[in-house]
Amino acid sequence: MKMRFHLAGATALLCDIAHGGFDDAAQRRIWVTARAVERHQHVISAIPGVNNLLVGFDGLHTGPGAIRDVIAEAWEAATDVAVPTREVRIQVAYGGALGEDLADVAAQAGLSVRETIAVHAAGIYRVAAIGAMPGFVYLTGLDGRLCVPRRDTPRVHVPRGAVILGGGHAGVMPCDAPSGWHMVGATESILFDVHRDEPCLLRMGDVVRFDPVA
Amino acid sequence: MIEILSTSALNTIQDFGRPHALHMGVSRGGAMDRLAIAHANILLGNARDAAALEIAFFPFRARFVERTAFSLTGASCAAQLDGRPIPSNWAMTAEAGQVLVVPAPTCGAWAYFGIRGGLDVPVVLGARGTDLKGGFGGVDGRAPEKGRRLKAGCSSVPPPGNGGFGLVRGAVLPEDDHTVLRVLPAAEHEAFTSASRTAFGELAWQVTPRANRTGFRMDGRDALRLSRPLTLMSHGIVPGTVQVPPDGMPIIQMADANTCGGYPKIATVIESDLRLLAQTAIGGSVRFVPVDEAGAIAVLREEARALDCLEADVERLRGGLLD
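Here the structure is a predicted model, which means the values were calculated and not measured.

Cut-offs and rules
Residues numbered from 1 in each chain as written. Chains lettered and ligands numbered in written order. Predicted model: local features only at pLDDT ≥ 70, side-chain atom pairs only at ≥ 80, totals over all residues. Heavy atoms only, no water. Helix = DSSP H or I, 4+ residues; strand = E, 2+ residues; numbered from the N terminus. Rg over C-alpha atoms; globule rule 2.2 N^0.38 Å. Buried < 20%, exposed > 50% of the residue type's maximum accessible area, 1.4 Å probe, protein only. Contact = heavy atoms within 4.5 Å. Areas by Shrake-Rupley, 256 points an atom, 1.4 Å probe, with all protein chains shown as cover. Lys, Arg positive; Asp, Glu negative; His and termini not counted. Charge placed at Lys NZ, Arg CZ, Asp CG, Glu CD. Polar contact = N/O pair within 3.5 Å; in protein donor to acceptor, adjacent residues only side chain to side chain. Domains from an automatic or database assignment. Buried area = accessible area lost by both parts, 1.4 Å probe. Salt bridge = Lys/Arg side-chain N within 4 Å of Asp/Glu carboxyl O. Axes fitted to C-alpha atoms, helices over the stretch in contact; angles between N-to-C directions. Parallel < 35°, antiparallel > 145°, perpendicular 65-115°, else oblique. Nonpolar A, V, L, I, M, F, W, Y, C, P; charged D, E, K, R; others polar. Pairing = 2+ DSSP bridges.

Enquirer: Would you mind showing me how to read the overall build of chain B here?
Expert: In terms of helices and strands, chain B carries 4 helices and 21 strands. Taken over C-alpha atoms, the radius of gyration comes to 20 Å for chain B, in line with the 20 Å a tight globule of 323 residues would show. Taken over 323 residues, chain B has a buried fraction of 55%. Across chain B, contacts joining residues at least 24 apart in sequence account for 76% of those joining residues at least 6 apart. Just so you have it, chain B exposes about 13,200 Å², and 54% of that area is on carbon and sulfur atoms. Averaging the positions of the 32 positive and the 33 negative side-chain charges in chain B gives two centres separated by 4 Å.

Encoded structure:
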């Protein structure tokens with residue numbers, strides 16, 4: 001699998017391996033590559049996206065050419081190893097104020113609201129990437145029937161704790177922020193707390209299950 | 001110590017942000033004009049990335065609770081201390097009880113109010129700057145409100161005299177509508193129609209009112225179009241990324257850029273020029289010109305060298321003033 005390199009400004013490279021749909025094995029290889037690359041003395045950040053990797057570096061001491069070689073080497077050496085994972089269960093109250101798109105999603109999926117909840121709660125999700133907002137996770141494993149297009153007009157304000165889906169992924173709002181994803185429920189789980197030893201609730205590779213509560 | 005007399009929720013404590021917390025989804029953050037905040041700190045003998053107050057909403061007023069060395073850089077504001085004018089890009093010492101007024105800028109948009117020793121707020125995830133979205137850093141994750149007193153950190157550097165000193169030439173500010181931003185092509189550059197690529201480089205792009213620390217929405221005569229529809233998986237983005245949403249009008253990611261996005265990207269504004277866009281007022285126009293990889297790295301290194309020289313010069317000057 002060949003990595004395509006694109007400049008993201010003078011001090012970052014976007015490395016893309018996407019080829020069609022989401023590739024789970026490639027994603028694990030990206031995590032391994034990211035961990036190897038971020039040990040390099042001039043690399044500032046290695047941020048896995050969904051089947052891609054953004055590497056930021058210190059442009060005063062190195063350049064895109066040298067870093068491209070470092071990443072390519074790490075990618076070649078990276079094997080699809082088993083990443084240590086935990087299972088994290090998140091309780092969801094489906095529907096309600098933070099789930100106001102539930103009926104709409106059900107209609108688009110051709111399911112009843114009850115079936116939609118059952119399908120969402122039956123999923124076994126994986127944290128593919130962390131980003132966009134502090135502690136936000138892109139969860140893969142969303143049932144194909146729930147892969148509905150994003151909202152035409154993003155909401156300016158989606159509250160923390162909203163359980164959302166969009167772009168073929170599931171997620172949970174870690175803070176109040178704009179989002180174009182659909183709101184299907186609410187959780188009391190706190191995805192990001194700067195005062196915790198580990199601010200993010202979830203790590204890359206974690207398995208996430210949603211448990212419906214009344 | 002200073003006491004804030006009038007301010008807004010947009011005037012936040014900033015520094016160089018959190019480049020090492022991106023993996024948690026935390027924005028890099030930091031000053032919208034990194035060169036101006038570096039100047040504010042260098043003038044006072046602070047570390048370049050010490051915390052200072054970023055002023056985006058005017059007038060800003062503060063009272064010095066005790067004798068305090070301070071600096072003002074960034075947007076040109078015709079500031080006054082007890083009614084007496086302070087030049088732009090200036091450092092000086094105020095006496096207890098004196099009042100600083102920073103009125104709306106005549107040029108530029110973001111001003112920096114530095115304090116000798118830096119503003120003393122807790123370090124959170126490696127920085128003192130305010131992350132408004134995450135609600136942390138600065139003063140409890142938000143702008144310090146009216147009546148709030150801000151403390152300075154320690155410094156062994158001698159303060160400037162009451163008259164003070166400054167830079168002959170501060171960081172360049174955008175004038176008229178001739179601001180040129182150097183850009184590198186981004187991942188989807190070739191996916192845009194050739195007409196759109198040309199339009200991107202030739203048209204004047206206007207800063208719309210939808211401009212904040214996260215992103216600047218631009219407006220131009222022609223919408224930018226892809227040759228064919230494109231669905232991208234979420235990927236990391238950086239401040240300076242020029243995204244093109246379906247309406248064809250570019251959004252440029254600024255200091256509080258989201259760490260991931262999904263829109264096609266036509267270009268990236270180089271780090272050194274992003275401050276020029278930040279300082280362009282709403283309604284002002286910019287143009288984009290291409291630069292190559294080597295050219296962009298050279299600009300970055302030249303800017304770092306210039307800051308090193310300035311730091312050494314200011315140190316010599318300070319020694320000379322004391323002799």
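Enquirer: What exactly am I supposed to notice about the side chain of A:Thr187 here?
Expert: Residues and elements named next belong to chain A. Its location among the elements puts Thr187 in the loop between β12 (182-186) and β13 (207-212). Accessibility expressed as a relative area gives 9% for Thr187, which makes it buried. Only 3.1 Å separates the side chain of Thr187 from the backbone nitrogen of Ser189, close enough to count as a polar contact.

Enquirer: Even after reading the chapter, I still don't get the domain arrangement of chain B, so can you show me in this structure?
Expert: Often, the extent of an interface is quoted as the loss of accessible area on bringing the components together. Residue and element names in this part refer to chain B. Per the domain assignment, the segments making up chain B are domain 1 (2-168) and domain 2 (179-291). Spacing between the C-alpha centres of domain 1 and domain 2 amounts to 29 Å. Listed by partner, the interface residues are 20 residues for domain 1 and 14 residues for domain 2. Taken together, the two surfaces of domain 1 and domain 2 that pack against each other cover about 1,400 Å², and 49% of this comes from carbon and sulfur. Taken together, domain 1 and domain 2 are joined by 4 salt bridges. With a shortest N-O distance of 3.6 Å, Arg34 and Glu271 are connected by a salt bridge. Linking domain 1 to domain 2 there are 12 residue pairs in polar contact (both at pLDDT 80 or more).

Enquirer: Sorry if this is basic, but what is going on with the interface of chain B and chain A here?
Expert: Every contact between the two is made by 33 residues of chain B and, on the other side, 40 residues of chain A. The tally of links between chain B and chain A comes to 1 salt bridge. Notably, a salt bridge pairs A:Arg68 with B:Glu293, separated by 3.5 Å at the nearest N-O pair. Here chain B is connected to chain A by 8 residue pairs in polar contact (both at pLDDT 80 or more).

Enquirer: Sorry, what's going on with the packing of helix α3 (residues 102-109) of chain A against helix α4 (residues 113-122) of chain A here?
Expert: Describing two packed helices takes the angle between their axes plus the distance from one axis to the other. Residue and element names in this part refer to chain A. Viewed as axis vectors pointing N to C, α3 and α4 meet at an angle of 90 degrees, and their least axial separation amounts to 9 Å. By the angle between their axes, α3 is roughly perpendicular relative to α4. Across the interface between the two elements, Leu102, Ala103, Val105 and Ala106 of α3 pack against Val113, Thr116 and Ile117 of α4. Along the lines of polarity and charge, the residues of the contact of α3 with α4 split into 6 nonpolar, 1 polar and no charged.

Enquirer: Which parts of the structure should I look at to understand the sheet that holds strand β6 (residues 80-81) of chain B?
Expert: Sheet strands associate in pairs through backbone hydrogen bonding, adopting either a parallel or an antiparallel arrangement. Residue and element names in this part refer to chain B. The strand order across the open sheet formed by 6 strands is β7-β6-β9-β4-β1-β11, and the pairing between neighbours is antiparallel. Only two strands of the sheet have a single neighbouring strand rather than two, namely β7 (84-85) and β11 (149-150). Where strand β1 (residues 2-6) and β11 come together, 2 bridges link them in antiparallel fashion. Within β11, the position partnered with Glu3 by the bridge is Arg149.

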